[in-house]
Amino acid sequence: AAGSFRLSSRTKLRPRDASTLTELGTMPPLFLDVADVVCSTSVLPRKELFEAWEVASRIDTAFPSAPVVADLAAGHGLLAWILVLLGAARGASRRA
């Protein structure tokens, strides 16, 4: 199952996909928590989850002490929420 799981698929994530993501074994625990919630909603395309996580990780690394998150091109707002969660995981206080 995990071997045929295309990260770039536009197929919407479903609750059953949460276990497949866990089987990938290379993702941080926070990603898996976010993915579990996203999968339970059945509304977000798979590629959007991975893109939002990658962009958020890069922004969080570049601006670790940024106290405010402004997702100005917010389609679904997932990027902003991941940035808030990444900051909280490090003990930084961020607000969106």
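Rules and cut-offs
Residues numbered from 1 in each chain as written. Predicted model: local features only at pLDDT ≥ 70, side-chain atom pairs only at ≥ 80, totals over all residues. Heavy atoms only, no water. Helix = DSSP H or I, 4+ residues; strand = E, 2+ residues; numbered from the N terminus. Rg over C-alpha atoms; globule rule 2.2 N^0.38 Å. Buried < 20%, exposed > 50% of the residue type's maximum accessible area, 1.4 Å probe, protein only. Contact = heavy atoms within 4.5 Å. Areas by Shrake-Rupley, 256 points an atom, 1.4 Å probe, with all protein chains shown as cover. pLDDT = per-residue confidence, 0-100. Phe/Tyr/Trp six-rings, centres within 6.5 Å; stacked < 30°, edge-to-face > 60°. Polar contact = N/O pair within 3.5 Å; in protein donor to acceptor, adjacent residues only side chain to side chain. Core = buried A, V, L, I, M, F, W, Y, C linked by side-chain atoms within 4.5 Å. Expected span 1.5 Å × (residues − 1).

## Observations concerning the overall build of the chain
- Helix and strand content of the chain: four helices and zero strands.
- Reading the helices (α) and strands (β) of the chain from amino to carboxyl end gives α-α-α-α.
- What you see for the chain is a C-alpha radius of gyration of 13 Å, in line with the 12 Å of a compact globule of 96 residues.
- Here the chain, with 96 residues, has 33% of them falling under the buried criterion.
- In the chain, 65% of the contacts between residues at least 6 apart in sequence involve partners at least 24 apart.
- Accessible area of the chain: about 5900 Å², with a carbon and sulfur share of 58%.

## Side note on unusual backbone geometry
- Positive phi, close to 60°, is recorded for serine 42, a residue that is not glycine.
- Within the fold, serine 42 resides in the loop between helix H2 (29-41) and helix H3 (46-62).

## What about the confidence of the model for the chain?
- On average, the chain scores 88 in pLDDT, and the residues at 70 or more come to 93%.
- Summarising per-element confidence for the chain, the mean pLDDT is lowest in helix H1 (residues 17-24) (87) and highest in H2 (95).

## Here's the deal with the environment of proline 64
- Looking at where proline 64 falls in the secondary structure, it is placed in the loop between H3 and helix H4 (78-89).
- Taking the C-alpha atoms as reference points, proline 64 and leucine 83, 19 residues apart in sequence, are found 9.7 Å from one another.

## Section: the packing of aromatic side chains
- Counted under the stated rule, the structure contains two aromatic pairs.
- Seen from their ring centres, phenylalanine 31 and tryptophan 53 are 5.3 Å apart, and the 80° between their planes marks the pair as edge-to-face. One end of the pair, phenylalanine 31, is in helix H2; the other, tryptophan 53, is in helix H3, with 22 residues separating them in the sequence. Across the pair, tryptophan 53 and phenylalanine 31 agree in class, each one buried.
- An aromatic cluster is present here, built from Phe31, Phe50 and Trp53 joined pairwise through their rings.

## Here we look at the environment of arginine 90
- Structurally, arginine 90 can be placed in the segment after H4.
- In sequence terms arginine 90 and serine 8 are 82 residues apart; their C-alpha atoms lie 28 Å from each other.
- Once residues lying within four places of it in the same chain are set aside, the contact partners of arginine 90 are Asp60 and Pro64.
- For arginine 90, the side chain forms a polar contact with the main-chain oxygen of proline 64, separated by 2.9 Å.

## Details of the nonpolar core
- Ranked by size, the top nonpolar core spans 22 residues in total, and within it Leu21, Phe31, Val38, Leu49, Leu78 and Ile82 carry the most contacts.
- Looking at this core, the elements with two or more residues in it are H1, H2, H3 and H4.

## Considering H3
- With 17 residues, H3 extends 25 Å between its outermost C-alpha atoms, agreeing within 8% with the 24 Å of an ideal straight helix rising 1.5 Å per residue.
- All buried positions along H3 are accounted for by Arg46, Lys47, Leu49, Phe50, Ala52, Trp53, Ala56 and Asp60.
- As for H3, its buried residues are in contact with H1, H2 and H4.

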